[in-house]
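Understanding the architecture of this molecule
Each chain is listed here by its residues.
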Amino acid sequence: MASTAATSFSLLPTSSSRRRVAAVVAPSRLTLRSPSRRLGFAGVAADSLLAAHVAAKIRTVAGRSGKGPRGVAVMAKKSVGDLTAADLKGKKVFVRADLNVPLDEDRNITDDTRIRAAVPTIKHLISNGAKVILSSHLGRPKGVTPKFSLSPLVPRLSELLGIKVEKADDCIGPEVEKLVNALPEGGVLLLENVRFYKEEEKNEPEFAKKLAALADLYVNDAFGTAHRAHASTEGVTKFLKPSVAGFLLQKELDYLVGAVSNPKRPFAAIVGGSKVSSKIGVIESLLEKCDILLLGGGMIFTFYKAQGFPVGSSLVEDDKLELATSLLAKAKAKGVSLLLPTDVVIADKFAPDAQSKVVPASEIPDGWMGLDVGPDSVKTFNDALDTTKTIIWNGPMGVFEFDKFATGTEAIAKKLAELSGKGVTTIIGGGDSVAAVEKVGVADVMSHISTGGGASLELLEGKELPGVVALDEAVVVAV
Ligand SMILES: Nc1ncnc2c1ncn2[C@@H]1O[C@H](COP(=O)(O)OP(=O)(O)OP(=O)(O)O)[C@@H](O)[C@H]1O
Ligand SMILES: O=C(O)[C@H](O)COP(=O)(O)O
């Protein structure tokens with residue numbers, strides 16, 4: 001018989017859990033006093049963008065003081081959209097982007113998403129007469145390593161921006177300064193990989209100062225690297241004013257903080273991936289906010305074992321059994337409807353050509369391992385998702401890299417695409433779930449696909465990102 005793991009948790013959230021979330025973030029109480037009220041990005045209203053930052057800040061302020069948001073003066077980050085031609089014309093602007101794109105053996109770009117995502121900010125700057133000094137890392141080089149040069153990015157950047165992008169062979173020093181000084185208004189100079197200097201990751205002030213010396217002001221649009229306190233993401237802000245957020249950074253915050261903290265309800269979170277240990281923070285944080293939590297991926301077997309079910313040779317973290325039990329109890333206490341798959345696709349080995357069959361989640365035989373969620377679970381998950389208005393998804397439902405075990409993940413991707421078309425806010429929180437959505441070819445219809453893996457995980461865990469914290473604040477006053 002199928003396990004009844006799902007039925008031991010109530011299907012409806014309590015009204016108190018709804019009230020608690022609403023009390024923690026109440027952006028409607030706020031009057032925004034910032035020109036960035038006008039700003040919008042990709043169909044996202046300006047007020048909603050700011051509400052996201054405000055909501056994040058309120059939670060921090062409220063958390064520290066132990067009091068709610070009422071009457072608390074809070075701040076929001078200054079935006080590149082606040083800068084007009086009067087601020088930008090002829091100015092040298094240091095733009096930190098995350099152009100850490102995958103390259104094949106011949107150094108061709110295999111996915112240009114991150115380059116495309118950086119374009120709106122750069123276009124805004126060049127169309128307002130700024131001189132753009134563009135900086136990024138690529139990979140994790142140890143010292144100067146030609147295979148990690150940013151040179152292969154120049155043709156695609158030039159094509160997307162419609163101008164000839166210049167390239168420096170270094171990111172600091174007299175030669176770079178000469179190229180910067182030769183930049184025309186509306187020109188773009190791409191600096192060499194900033195991680196060729198070990199001082200970058202060490203966030204050494206002297207190195208940050210040298211980067212800053214190239215420019216008049218700073219824009220951080222590197223969402224994927226915003227969780228790193230590096231010289232070009234954090235240190236440089238101490239020497240360049242103003243230091244403002246780019247459009248991509250804002251959009252990521254709007255969805256991953258704003259839509260998640262203040263969601264249209266019911267709000268469902270889908271968490272998958274390999275191990276529960278790497279998702280504890282995310283699950284705990286989402287349990288505070290969501291109405292429905294769907295779990296899939298390798299982590300579910302730790303939950304099953306904690307409930308006394310046989311798990312065969314499935315992935316299990318034996319030191320996390322108590323944790324799994326406590327997460328189930330927490331969900332129950334909070335009135336969150338936590339659904340574990342009731343059936344699984346099992347395999348006789350971890351391989352694309354493994355023998356496979358579907359069994360109830362409570363009946364995995366010895367020698368077999370669960371590699372995907374089963375069809376009954378997909379149906380239950382889809383029915384639950386049909387009731388929602390906001391969905392965030394992080395981590396695949398199974399070993400989607402093997403076609404035979406990709407069905408559950410692909411079904412969820414298709415369901416989110418369908419619901420997105422019906423007005424549900426669908427957010428894909430980075431990492432492998434993005435790859436899965438792209439594999440199914442439904443990336444374009446999602447409300448938001450994060451460009452950050454580690455950064456989006458940290459945000460979903462409720463952490464502050466150093467690259468965001470360091471930016472200038474625009475005063476927002478609570479009334
Ligand atoms: N049942 C399973 N058994 C073993 N591995 C699984 C299972 N289900 C999913 N996985 C694996 O989990 C991996 C993704 O897990 P991870 O925790 O890294 O997710 P993610 O957060 O989406 O990715 P990233 O860490 O890149 O952000 C995939 O490679 C997938 O094959
Ligand atoms: O790909 C990423 O997640 C970002 O570019 C950050 O890279 P890092 O993990 O090497 O800092």
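Since the structure is predicted, the reported quantities are computational estimates derived from the model, not experimental observations.

What follows covers the site of ligand 2. Taken together, Asp98, Asn100, Arg140, Gly224, Thr225, Arg228, Gly453 and Gly454 are the residues near ligand 2. Within the shell around ligand 2, the residues separate by chemical class into no nonpolar, 5 polar and 3 charged.

Let us look at helix H9 (residues 247–261). Between its terminal C-alpha atoms H9 stretches 20 Å, which fits the 21 Å expected from 15 residues at 1.5 Å a residue. The sharpest bend along H9 reaches about 30 degrees and sits at Asp254. Burial of H9 is extensive: 15 of the 15 residues sit out of reach of the surface.

Residue position: Ala351 is located in the loop between strand S12 (343–347) and strand S13 (356–360). With 52 residues separating them along the chain, Ala351 and Met299 place their C-alpha atoms 19 Å apart.

Time to look at the confidence of the model for the protein chain. Per-residue confidence for the protein chain averages 85 on the pLDDT scale, and 83% of its residues sit at or above 70. Confidence over residues 1–75 falls short of pLDDT 50; this stretch has 149 contacts with residues more than four positions distant or in other chains. Confidence metrics for the complex model read pTM 0.82 and ipTM 0.95.

Attention now goes to the nonpolar core. Counting residues in hydrophobic clusters, the biggest one holds 135 residues, and the most contacted among them are Val93, Ile133 and Leu293. It is H9 that contributes the most residues to this core, 9 residues altogether. Residues lining this core come from more than one domain, with at least three contributed by each of domain 1 (5–13 + 262–446) and domain 2 (81–251). For Val93, the contacting residues outside a window of four places in its chain are Leu88, Leu125, Ala130, Lys131, Val132, Ile133, Ala215, Asp216, Leu217 and Val219.

As a further point, take the site of ligand 1. Close to ligand 1 lie 19 residues, the nearest being Gly273, Ser274, Gly298, Gly431 and Asp432. Looking at the shell around ligand 1, the elements that each hand over two or more residues are strand S14 (369–373) and helix H15 (432–440). For the shell around ligand 1, the residue count by class is 4 nonpolar, 13 polar and 2 charged.

Reading across from one edge, S5-S6-S4-S3-S7-S8 is the order of the 6 strands in this open sheet, with parallel pairing throughout. In this open sheet, the two strands that pair with only one neighbour each are strand S5 (166–167) and strand S8 (243–245). Examined bridge by bridge, S5 and strand S6 (residues 188–190) share 2 bridges and lie parallel to one another. When the sheet's bridge partners are listed, Lys167 is paired in S6 with Leu190.

Bringing unusual backbone geometry into the picture now. Across the junction of Lys241 and Pro242, the peptide omega takes the value -5 degrees, indicating a cis bond. Structurally, the position occupied by Pro242 is in the loop between strand S7 (217–220) and S8. Of note, the bond from Arg265 into Pro266 is cis; its omega dihedral lies within 30 degrees of zero at 0 degrees. Inspection of the secondary structure assignment puts Pro266 in the loop between H9 and strand S9 (267–271). A positive phi is found at Arg107, a non-glycine position, where the angle reads about 65 degrees. Counting through the fold element by element, Arg107 comes out in the loop between strand S3 (92–96) and helix H4 (113–127). According to the C-beta neighbour criterion, Arg107 is partly exposed, with 13 such atoms within 10 Å. Even without being a glycine, Asn203 presents a positive backbone phi close to 55 degrees. Relative to the elements of secondary structure, Asn203 occurs in the loop between helix H7 (198–202) and helix H8 (205–212). In this structure Asn203 comes out as partly exposed when scored by C-beta crowding, with 18 C-beta atoms within 10 Å.

This brings us to the UniProt feature "binding site: ATP" (unreviewed entry) in the protein chain. UniProt marks Lys279, Glu401, Gly430, Gly431, Asp432 and Ser433 with the feature "binding site: ATP" (unreviewed entry), using the numbering shown here. Assessed through the 18 C-beta atoms surrounding it within 10 Å, Asp432 is described here as partly exposed. Those residues in contact with Asp432, other than ones at most four positions away along the chain, are Gly273, Gly395 and Pro396. Within the secondary structure layout, Ser433 lies in helix H15. Not counting chain neighbours up to four residues away, the residues in contact with Ser433 comprise Trp393, Asn394, Gly395, Pro396 and Ile428.

What follows concerns helix H10 (residues 280–287). For H10, the full list of buried residues reads Val282, Ile283 and Leu286. Along H10, the residues classed as buried sweep out an arc of 95 degrees about the axis, all on the same side. Considering only its buried residues, H10 is in contact with S9, strand S10 (292–295), helix H12 (321–334), strand S15 (390–394) and helix H16 (454–460).

Before going further, it helps to spend a moment on the UniProt feature "binding site: substrate" (unreviewed entry) in the protein chain. Mapped onto the present numbering, the UniProt feature "binding site: substrate" (unreviewed entry) falls at Asp98, Leu99, Asn100, His137, Leu138, Gly139 and Arg140. These annotated residues cover 43 residues of sequence, but their C-alpha atoms sit close together, with the largest distance between any two at 12.9 Å. Topologically, His137 is positioned in the loop between strand S4 (131–135) and helix H5 (154–161). If near-sequence neighbours (up to four positions away) are discounted, His137 is found in contact with Asn100, Asn193, Val194, Arg195 and Thr225. Assignment of secondary structure puts Leu138 in the loop between S4 and H5. Once residues lying within four places of it in the same chain are set aside, the contact partners of Leu138 are Leu99, Asn100, Phe148, Leu150 and Asn193.

Analysis parameters
Residues numbered from 1 in each chain as written. Chains lettered and ligands numbered in written order. Predicted model: local features only at pLDDT ≥ 70, side-chain atom pairs only at ≥ 80, totals over all residues. Near = placed C-beta within 6 Å. Nonpolar A, V, L, I, M, F, W, Y, C, P; charged D, E, K, R; others polar. Helix = DSSP H or I, 4+ residues; strand = E, 2+ residues; numbered from the N terminus. Expected span 1.5 Å × (residues − 1). Bend = angle between axes of the 7 residues up to and from the residue. Buried ≥ 20, exposed ≤ 12 C-beta atoms within 10 Å, placed from the backbone. pLDDT = per-residue confidence, 0-100. Contact = placed C-beta atoms within 7 Å. Core = buried A, V, L, I, M, F, W, Y, C linked by C-beta atoms within 7 Å. Domains from an automatic or database assignment. Pairing = 2+ DSSP bridges. UniProt positions renumbered as here; feature names shortened; annotations may be inferred. Arc of directions from axis to C-beta.

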